[in-house]
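Overview (structure and organization)
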Amino acid sequence: MIQASNVTLRFGKKALFEEVNIKFTEGNCYGIIGANGAGKSTFLKILSGELEPTQGEIITTPGERLSVLEQDHFKYDDCIVLDTVIMGNQRLYDIMKEKDAIYAKEDFTEEDGIRASELEADFATMNGWEAESDAATLLNGLNIETDLHYKQMSELSGSEKVKVLLARALFGNPDILLLDEPTNHLDLDAIRWLEEFLINFENTIIVVSHDRYFLNKVCTHTVDIDYAKMQLYAGNYDFWYESSQLMIKQMKEANKKKEEKIKELQEFIQRFSANASKSKQATSRKRALEKIELDTLRPSSRKYPYVDFKPDREIGNEVLTVTNLSKTIDGEKVLDNVSFTVGHDDKIAFVGSYGIAATTLFQILAGEMEPDEGDYKWGITTSQAYFPKDNTKDFAGTDTIVDWLMPYSPEKDATYVRGFLGRMLFSGDDGLKKVNVLSGGEKVRVMLSKMMMLGANALIMDEPTNHLDMESITSVNNGLIKFPGIVLFTSQDHQFIQTIANRIIELTPNGMIDKVTTYDEYLDSDEMARKRQSLS
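Residues numbered from 1 in each chain as written. Predicted model: local features only at pLDDT ≥ 70, side-chain atom pairs only at ≥ 80, totals over all residues. Heavy atoms only, no water.

Summarising burial for helix α11 (residues 355-365): 8 of the 11 residues are buried, a large majority. Listed in full, the buried residues belonging to α11 are A357, A358, T359, T360, L361, F362, I364 and L365. Once α11 ends, the next one or two residues include G367, with phi positive near 80°. (Buried < 20%, exposed > 50% of the residue type's maximum accessible area, 1.4 Å probe, protein only. Helix = DSSP H or I, 4+ residues; strand = E, 2+ residues; numbered from the N terminus.)

This paragraph deals with the nonpolar core. Counting residues in hydrophobic clusters, the biggest one holds 99 residues, and the most contacted among them are F309 and L459. Excluding its chain neighbours within four sequence positions, the residues that come into contact with L459 are F309, A385, M451, L480, F483, I486, V487 and L488. (Core = buried A, V, L, I, M, F, W, Y, C linked by side-chain atoms within 4.5 Å. Contact = heavy atoms within 4.5 Å.)

Let us look at the packing of helix α3 (residues 90-103) against helix α4 (residues 110-125). Angle between the axes and distance between the axes are the two parameters that describe a pair of packed helices. Where α3 meets α4, the closest approach of the two axes is 10 Å, and the angle between their N-to-C directions is 150°. As judged from the angle between their axes, α3 and α4 are roughly antiparallel. As α3 packs across α4, the resulting crossing turns out to be left-handed. In contact with R91, L92, I95, M96, E98, K99, I102 and Y103 of α3, α4 contributes D112, R115, A116, L119, E120, D122 and F123. For the contact of α3 with α4, a count of residues per class yields 8 nonpolar, no polar and 7 charged. (Axes fitted to C-alpha atoms, helices over the stretch in contact; angles between N-to-C directions. Parallel < 35°, antiparallel > 145°, perpendicular 65-115°, else oblique. Left-handed = near helix turned anticlockwise from the far one by under 90°. Nonpolar A, V, L, I, M, F, W, Y, C, P; charged D, E, K, R; others polar.)

This part is about the sheet that holds strand β9 (residues 229-234). Across the sheet, 6 strands lie side by side as β5-β6-β7-β3-β8-β9; this open sheet has mixed pairing. The open sheet has two free edges, formed respectively by β5 (66-68) and β9, since each of these has just one partner strand. The mean inter-strand angle of the sheet, taken between neighbouring strand axes irrespective of direction, is 20°. Of the pairings in the sheet, the one linking strand β3 (residues 29-34) to strand β7 (residues 204-208) comprises 4 bridges and is parallel in character. Counted as the bridge partner of Y30 is I206 from β7. (Pairing = 2+ DSSP bridges.)

Within the secondary structure, E195 is located in helix α7 (residues 188-199). Buried and without a salt bridge, E195 has K217 as its closest oppositely charged side chain, separated by 4.8 Å. Setting aside anything within four residues of it in sequence, one finds E195 in contact with Y213, F214, K217 and V218. (Lys, Arg positive; Asp, Glu negative; His and termini not counted. Salt bridge = Lys/Arg side-chain N within 4 Å of Asp/Glu carboxyl O.)

Attention now moves to the sheet that holds strand β13 (residues 373-378). In spatial order, the strands read β11-β10-β13; together these 3 strands make up an open sheet with antiparallel pairing. This sheet does not close on itself; its edge strands, each paired only once, are β11 (332-342) and β13. Across the sheet, the mean angle separating the axes of adjacent strands is 20° when strand polarity is ignored. Pairing of strand β10 (residues 320-329) with β13, which is carried by 5 bridges, proceeds in the antiparallel orientation. Residue pairing in the sheet places T323 in a bridge with D375 of β13. Those strands touched by α11 are β10, β11 and β13, and its axis lies near 60° from that of β11.

Inspection of every chain in the model, using the stated rule, returns 23 salt bridges. R115 serves as the salt-bridge partner of E98, at 2.8 Å between the closest nitrogen and oxygen. Of this pair, E98 sits in helix α3 while R115 is found in helix α4, placing the two residues 17 residues apart along the sequence. The salt bridge partner of K163 is D187, with a shortest N-O separation of 2.5 Å. Of this pair, K163 sits in helix α6 (residues 158-170) while D187 sits in the loop between β6 (176-180) and α7, and the two are 24 residues apart along the sequence. A relative accessible area of 9% means that D187 is categorised as buried. One network of salt bridges, with partners in common, ties together D224, D226, R302 and E471.

This part is about the packing of aromatic side chains. For any pair of aromatic rings, geometry is given as the distance between the ring centres together with the angle between the planes. One pass over the full model with this rule turns up 16 aromatic pairs. Through a chain of ring-to-ring contacts, the aromatic side chains of F17, F24, Y30 and F43 assemble into a single cluster. When the ring centre of F420 is taken as origin, the NZ or CZ atom of R423, which lies over that ring, is 4.8 Å away. R445 extends its terminal NZ or CZ atom over the ring of F426, reaching a point 4.5 Å from the ring centre. (Phe/Tyr/Trp six-rings, centres within 6.5 Å; stacked < 30°, edge-to-face > 60°. Lys NZ or Arg CZ within 6 Å of the ring centre and 35° of its normal.)

The next subject is the state of the cysteines. Two cysteines form a disulfide when their sulfur atoms are joined by a covalent bond. If you walk through the whole model with that rule in mind, you get 0 disulfides. Looking at C219, it has no disulfide partner, and the nearest cysteine sulfur is the one in C29, 3.9 Å off. What makes C219 buried here is its relative accessible area of 9%. (Disulfide = S-S within 2.5 Å.)

Leaving glycine aside, a negative phi is the common case for residues, and trans is the common case for peptide bonds. The phi dihedral of N127 falls on the positive side, at around 55°, and the residue is not glycine. On the secondary structure map, N127 appears in the loop between α4 and α5 (131-141). Phi angles above zero are rare outside glycine, and H185 is one such case at about 70°. Examined against the element boundaries, H185 turns out to sit in the loop between β6 and α7.

Okay, here's the thing in structure tokens:
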């Protein structure tokens, strides 16, 4: 059990939280949600003890172990991968190292023997003999191959380090597990594995995530942070949304009835206050009027950008033909004889753990890279807009947002561009910000603005939901659902894929799977399982 008791956190005069009282109990998974800047990650830091509240305290059950998903991907670069995972239970790791140091002594004393015996007893109690196999199981579940287990962390890629740090947090069955964006940079197979792990986890989980499907899958409770207050709901993300909307509706209806009653009383008082025979009734109604209080309906701090892709022209029947495309990068053949045809109603999700293949394909189709072999042909009625996974070079200059967008705007007018940016949550002078100092989420919203301005009927989007908050993801999701053109995209957001795609393509190192289906049907298909097996 971990509990926030009267917790308040202030930065200067601004209160991020005020008098928070929430108890997190064993056997439940709590999803923390709220707009960007609401303080979700900050609250996890308070729970972990990394940050002290201005007032109040965090209470945990004595003797319980708390585990946190580390955010510093370079912290353990000098450590072996397997050791990094076992360090998730620091007490166990310290016992292992002290034991090894004692047994390595040449002059082993009687005191050393007594200490070693004590350590061995603690080691056995903590399931130390299974530590390496348990750590390896976690790593394998997250697709970290066995040949990487004894390498230095510095030798791993960024996404591999993320998985190791996640395994570290999960290791040793902690009593309280704090996870800040655990699905970031995970492939879909690893996300599915994590979902099942957390569903079967019997202790306390507190998680921050922008992945709606993930929250629905694993959470038993939802904590909503809005206007410095926290409201606990029993249920997952969808339940919170329905409950919060119902609560607002009920408050509006209650206020409407109260307003009607107020009007009725005011009319009676106005009509009969000067009438001696009715004066007592008028006085009684005045008292009744004074007691009526309207519920305060504060607008949510959540803000949704306006995302609406409107093509300038309708797309024809001939859209895109890809024929025998091959590409080798740094000695690795990432595309091998890839062929497919895109129809004018297709919205295709490129899925799977071999993400470099889809990224390379998209770069080729966007004209940013040449294939080694094969070719592709866009239909004469098509116009393309490309959203790259890495936009670093796009925002390397010192232009303002308005100047950066001006070449893509249908109207070469700063007022028009600033109005467009306002709908994308860049208010006031935000449009005068330099593009090279924008946050990840701001860069994504600018790139989406560019794509909307281009009016293309074929969108190529490589991980468009990265760096976005849940509200922005929802807006992009809805915008692509109603988009009348074709979409080729990748995403790690399950709900995003399920609600947009009508066709799935998986590029693997051993071949391609192409299926007209929804994402859920694809994942559950026996045929897909057989095809994967035959390709391996």
